[in-house]
Amino acid sequence: MRITRIAAWQVDLPLHEGSYKWSGGKSVTVFDSTVVAVETDAGLIGYGEVCPLGPAYLPAYAAGVRSGLQELAPKLLGEDPTQLARLNRIMDAALKGHPYVKSAVDVACWDILGQKAGLPVCVLLGGRYGDDFHLYRAISQESPEQMAVKVAGYRAEGYRRFQLKVGGDPDTDIARIRVVSRVLELGDRLVADANTGWLPHEATRVVRAVRDIDVYIEQPCLTYEECLAIRQRTDHPFVLDEVIDGVDVLVRGYADRAMDVVNLKISKLGGLTKTRQARDLCVSLGIAMTLEDSWGGDIVTAAIAHLAHSTPTEFLFSSTDFNSYVTRSIADGAPHRVNGRLAASTTPGLGIVPRLSEFGKPAVDVRA
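What comes next is a walk through the structure. Numbers given for residues are sequential positions, taken from 1 along each chain in its written order. For this predicted model, a pLDDT threshold of at least 70 governs which residues receive local features, and a threshold of 80 or more governs which side-chain atom pairs are given and counted, while totals over whole chains, interfaces and linings are taken from all residues. Water and hydrogen atoms were dropped before computing side-chain values, which therefore reflect all heavy atoms in the structure.

1. Re the pattern of salt bridges
Here is step 1 of the chain: Salt bridges are defined by distance alone: a side-chain nitrogen of Lys or Arg within 4 Å of a carboxyl oxygen of Asp or Glu. Applying the stated criterion across every chain, the model contains 28 salt bridges.
Here is step 2 of the chain: For the salt bridge of Arg 5 with Glu 39, the shortest nitrogen-to-oxygen distance reads 2.8 Å. Taken together, the residues span a long stretch of sequence, with Arg 5 in strand 1 (residues 3-14) and Glu 39 in strand 4 (residues 30-40) at a distance of 34 residues.
Here is step 3 of the chain: Judged by relative accessible area, Arg 5 falls into the buried class, the value being 11%.
Here is step 4 of the chain: When the shortest N-O distance is used, the salt bridge between Glu 17 and Lys 150 registers 3.6 Å. Of this pair, Glu 17 sits in the loop between strand 1 and strand 2 (20-21) while Lys 150 is found in helix 5 (residues 144-156), placing the two residues 133 residues apart along the sequence.
Here is step 5 of the chain: For Glu 17, a relative accessible area of 38% puts it in the partly exposed group.
Here is step 6 of the chain: Several salt bridges share partner residues, and in doing so they unite Arg 5, Glu 39, Asp 365 and Arg 367 into one network. Helix and strand assignments come from DSSP, with helices taken as H or I runs of at least 4 residues and strands as E runs of at least 2, each series counted from the N terminus. Categorising residues by exposure relies on relative accessible area from a 1.4 Å probe, with only protein chains included: less than 20% of the type maximum marks a residue as buried, more than 50% marks it as exposed, and the intermediate range marks it as partly exposed.

2. Observations concerning the sheet that holds strand 18 (residues 364-367)
Here is step 1 of the chain: A sheet is described by the order of its strands in space; here four strands give the open sequence 5-4-1-18, paired in antiparallel fashion. For this open sheet the edge positions go to strand 5 (45-50) and strand 18, each flanked by a neighbour on one side alone. Neighbouring strand axes in the sheet, compared pairwise and without regard to direction, differ in orientation by 15° on average.
Here is step 2 of the chain: Sheet strands touched by helix 1 (residues 62-72): strand 1, strand 4, strand 5 and strand 18. Its angle to strand 4, the strand with the most contacts, is close to 20°.
Here is step 3 of the chain: Across the sheet, helix 12 (residues 298-309) is in contact with strand 4 and strand 5; its angle to strand 5 comes to roughly 100°. Strand pairing requires that DSSP identify at least two bridges connecting the strands. Only the stretch in contact is used when a helix axis is fitted, and all axes are lines through C-alpha atoms; the angle between N-to-C directions ranges over 0 to 180 degrees. Residues count as neighbours in contact if any of their non-hydrogen atoms are within 4.5 Å of one another.

3. What about the pairing of strand 12 (residues 261-265)?
Here is step 1 of the chain: Counting buried residues along strand 12, five of its five residues qualify, which places the element largely inside the surrounding structure.
Here is step 2 of the chain: Neither face of strand 12 is open: one carries Val 261, Asn 263 and Lys 265, the other Val 262 and Leu 264, and all of them are buried.
Here is step 3 of the chain: With two bridges joining them, strand 11 (residues 238-240) and strand 12 adopt parallel strand pairing. Paired with Val 239 across the bridge in strand 12 is Val 261.
Here is step 4 of the chain: Handedness is read with the strands pointing away from the viewer; a crossover is right-handed when the path from the first strand over the helix to the second is clockwise. After leaving strand 11, the chain enters helix 9 (residues 247-256) and then returns to the sheet as strand 12, a path that is right-handed.

Next up, the structure:
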């Protein structure tokens, strides 16, 4: 089997809540996503999606996906999409860095492999654990009282894990954590996610001020070293996210006892192939994980679901359903949450069919 065409479409994904706000005053109202199709001479077509969280969150931006694919796609024509480790080596040789550009291609090739094997991607990634899995809900930055109302509302929908977007003024963030903690019930989990937004002295103030609250602290500062220093000053469970971009930092973090949980984002690591490698290393080291991506719609949510569902339950801290945050559905067959939980498709591949007729002309179209 050989790749004969790689095409990509730009797709807008508006938000149900109107906007999404996080540290440093950053916000997004409409997400710019890219849907990728990998076609083969065997008639199989695989699909992937990548959606950076704006241009100022990670070293990734939406237009860069399409530009990178124009550079990368010609190097992949004629290759076998089912030889995933080899294909990733070819992509890394053809385009230095830019893992987010490669992510949707890798996911599409897993979709093809699943279709060829007649198996869901989760089975190929390691097997299906349980009937479904926990989701978290991200709570956009607002006043402490507004965020508490949002948490109570989403809890009524079945969510039991909540990720508060903090990383702003420390006094306001302390109030956010305290006010929200009062509406939680037994079994709920609260994460204060600063998204690198605090300076070390601010993070130190916050963790000291909420010492009596049952809360996880996520990525308080910009660098690994700064986060490690805060980790050493608190006994709160600790999550690393933005600095986790490969297995090397996982090994370092394990050796330094820098975290209890890591957040693995599919596009930040370069696709399912490399995220599975990181996931399996975490399982071997005993590190719990949040498995997700930067953002996305139905196709990203399907990929997340297969990765999460193939992860041993005790190591899956949480996951997410990005397609419930946006107003637009872009694929049939996508998973949807039920009472705060999600399940991967049982059909071969990712189990989705994008609505390509709604997307217009491809932004990228490279053929053999």
